[in-house]
Amino acid sequence: MSPRLPLPADDLYARLEIPADASPEVIEVAWRALLRRFHPDVAGPAGLDTAKRINVAHDWLSDPALRARYDREHGLGGIRNGVRPREPRGDDRPAPRTVRHRPVDPAEALARFLERVAALEPDEIDRLACAEPAPIAFGATIARFLPPDRLAALASMEGAVHARLDPTAASQPGVCEAVEGYGTELVLGSFLDELLSEPFRDRARERLTRGWEAAVGQPRYGPNGVMVRALLSRLAVLDARGLAALAATVGVGWDARIDVPWPPGTSPDDDEALRVSSTLAARDAVAAVPRSGLDVTTVARARRAAARLAHLLVLRHAFAPASFSTLIAPWVPHFVSDDRPSARVHRPRPG
């Protein structure tokens, strides 16, 4: 058995100039950038001690077991795993997410990106507002270690984004962050290529581009938008009796205490584009439910049922036919129709 390493008494995160919830990619960026600055070959003998301390901090914080021990014994609440979602499945989305490699000419790619920012459609903006932006701490860490010319290029990109992005869109939380994250990958891609090895580089790329790629060029509700829009139209014209019937479906054939289901093999973490579609559909379904003078509890239950049904319709293509038919049975045929061949299920009447 190898000897137990003595626990460093000082702040290892401070040694790397990073926050205590830093992801593995942030740790890697900070370590390599600081070594470039303090390596004895660059800083001379005076940098040797600092370089050693930087390496020790990296050794502890880049090892999950050592980091967990350090965090635990210093009362930091345990390790942050920093694991990024897997690449989305190859399903039948109209615009599936793919890994996009930078063109040879970064300037041309940036120009096309800025043109696209100026031409964003309302549905794309709504999707950007729901998408996962690049973590603020990650972007701040990258900026801290940039050379002056890269920092200037990043600031120029951010200024160009703000000049082209509609002010109303820019005011929505998350939109600027998601757009600027993608722009950051275009501007700093080669810098990160030099600084990060795999799998850190791939994770960093996904962190920066995830929000944009899940939103831009995607239908508002994903591949099943026709069904979702039909549901919204039905919800908007419900009378008090229909709303009461919708509210009564809460917990019928499903556990109201459990979050909305995802098909086997996928999850909100696996497919950001599908998660955004679900979020938007559920939000729009809730907004479509009229109050019609009913009590607050009934309206809240009706909205909960509407949100769940909208979520299921968004994921219709990913469920097995029999599973989908069973899941939507409480709402068939009064709130939605199931046209699948396997839809021979019990269909309770509302009320």
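Our subject is the structure listed above.
Residues numbered from 1 in each chain as written. Predicted model: local features only at pLDDT ≥ 70, side-chain atom pairs only at ≥ 80, totals over all residues. Heavy atoms only, no water.

Each helix and strand counted, the protein chain has 17 helices and zero strands in total. Looking at the protein chain as a whole, 48% of its 351 residues are labelled buried. In the protein chain, of all internal contacts separated by at least 6 residues, the share reaching a separation of at least 24 is 73%. When the accessible area of the protein chain is evaluated, it comes to approximately 16800 Å², of which 57% is carbon and sulfur surface. (Helix = DSSP H or I, 4+ residues; strand = E, 2+ residues; numbered from the N terminus. Buried < 20%, exposed > 50% of the residue type's maximum accessible area, 1.4 Å probe, protein only. Contact = heavy atoms within 4.5 Å. Areas by Shrake-Rupley, 256 points an atom, 1.4 Å probe, with all protein chains shown as cover.)

Of all hydrophobic cores here, the largest spans 56 residues; its most connected members are Leu 16, Ile 18, Leu 61, Phe 113, Leu 128, Val 179 and Trp 212. Here the element with the most residues in this core is helix α11 (residues 175-195); it accounts for eleven residues. Excluding its chain neighbours within four sequence positions, the residues that come into contact with Leu 61 are Leu 12, Tyr 13, Leu 16, Ile 18, Ile 27, Arg 67 and Tyr 70. Counting 43 residues, the second largest nonpolar core, distinct from the first, contains Ala 285, Ala 306, Leu 313 and Val 332. (Core = buried A, V, L, I, M, F, W, Y, C linked by side-chain atoms within 4.5 Å.)

Attention shifts here to the packing of aromatic side chains. Evaluation of the coordinates by the stated rule reveals six aromatic pairs. Judged by centre distance (5.6 Å) and plane angle (35°), the rings of Phe 113 and Tyr 182 are tilted. Of this pair, Phe 113 sits in helix α6 (residues 106-118) while Tyr 182 is found in helix α11, placing the two residues 69 residues apart along the sequence. Grouping residues by exposure puts Phe 113 and Tyr 182 together as buried. Taken together, the aromatic side chains of Tyr 13, Trp 60 and Tyr 70 make up a single cluster linked through ring pairs. (Phe/Tyr/Trp six-rings, centres within 6.5 Å; stacked < 30°, edge-to-face > 60°.)

What follows concerns unusual backbone geometry. The step from Glu 198 to Pro 199 runs through a cis peptide bond, and the omega angle for that step is 5°. Cis geometry marks the peptide bond from Val 332 to Pro 333, where omega comes out at 0°. Topologically, Pro 333 is positioned in the segment after α17 (321-328). Of note, Glu 17 is a non-glycine position whose phi angle comes to about 60°, a positive value. With respect to the helices and strands, the residue Glu 17 is situated in the loop between α1 (12-16) and α2 (24-38). Overall, Glu 17 belongs to the partly exposed group, its relative accessible area being 33%.

Here we come to α6. Here α6 spans 19 Å end to end across 13 residues, near enough to the 18 Å set by a 1.5 Å rise per residue. Those residues of α6 that fall on the buried side of the exposure criterion are Ala 109, Phe 113, Leu 114 and Val 117. Projected down its long axis, α6 shows its buried positions confined to an angular sector of 135°, all on one face. Turned more than 90 degrees off the buried face of α6, the exposed positions are Ala 107, Glu 115 and Ala 118. In this fold, the buried residues of α6 make contact with α9 (148-164), α11 and α12 (200-215). (Expected span 1.5 Å × (residues − 1). Arc of directions from axis to C-beta.)

This part covers the side chain of Glu 185. Assignment of secondary structure puts Glu 185 in helix α11. Owing to a relative accessible area of 5%, Glu 185 belongs among the buried residues under this scheme. A distance of 2.8 Å separates the side chain of Glu 185 from the side chain of Arg 201, its partner in a polar contact. (Polar contact = N/O pair within 3.5 Å; in protein donor to acceptor, adjacent residues only side chain to side chain.)

Right, let's get into helix α13 (residues 225-236). Its twelve residues give α13 an end-to-end C-alpha distance of 16 Å, which sits within 8% of 16 Å, the value for a rise of 1.5 Å per residue. Within α13 the residues assigned to the buried category are Gly 225, Met 227, Val 228, Leu 231, Leu 232 and Leu 235. Looking down the long axis of α13, one finds its buried residues gathered within 160° of arc, a one-sided arrangement. On its buried face, α13 sits against α14 (240-247), α15 (272-288), α16 (296-314) and α17.

Note that every value here comes from positions in space, so none of it alone points to a role or purpose.
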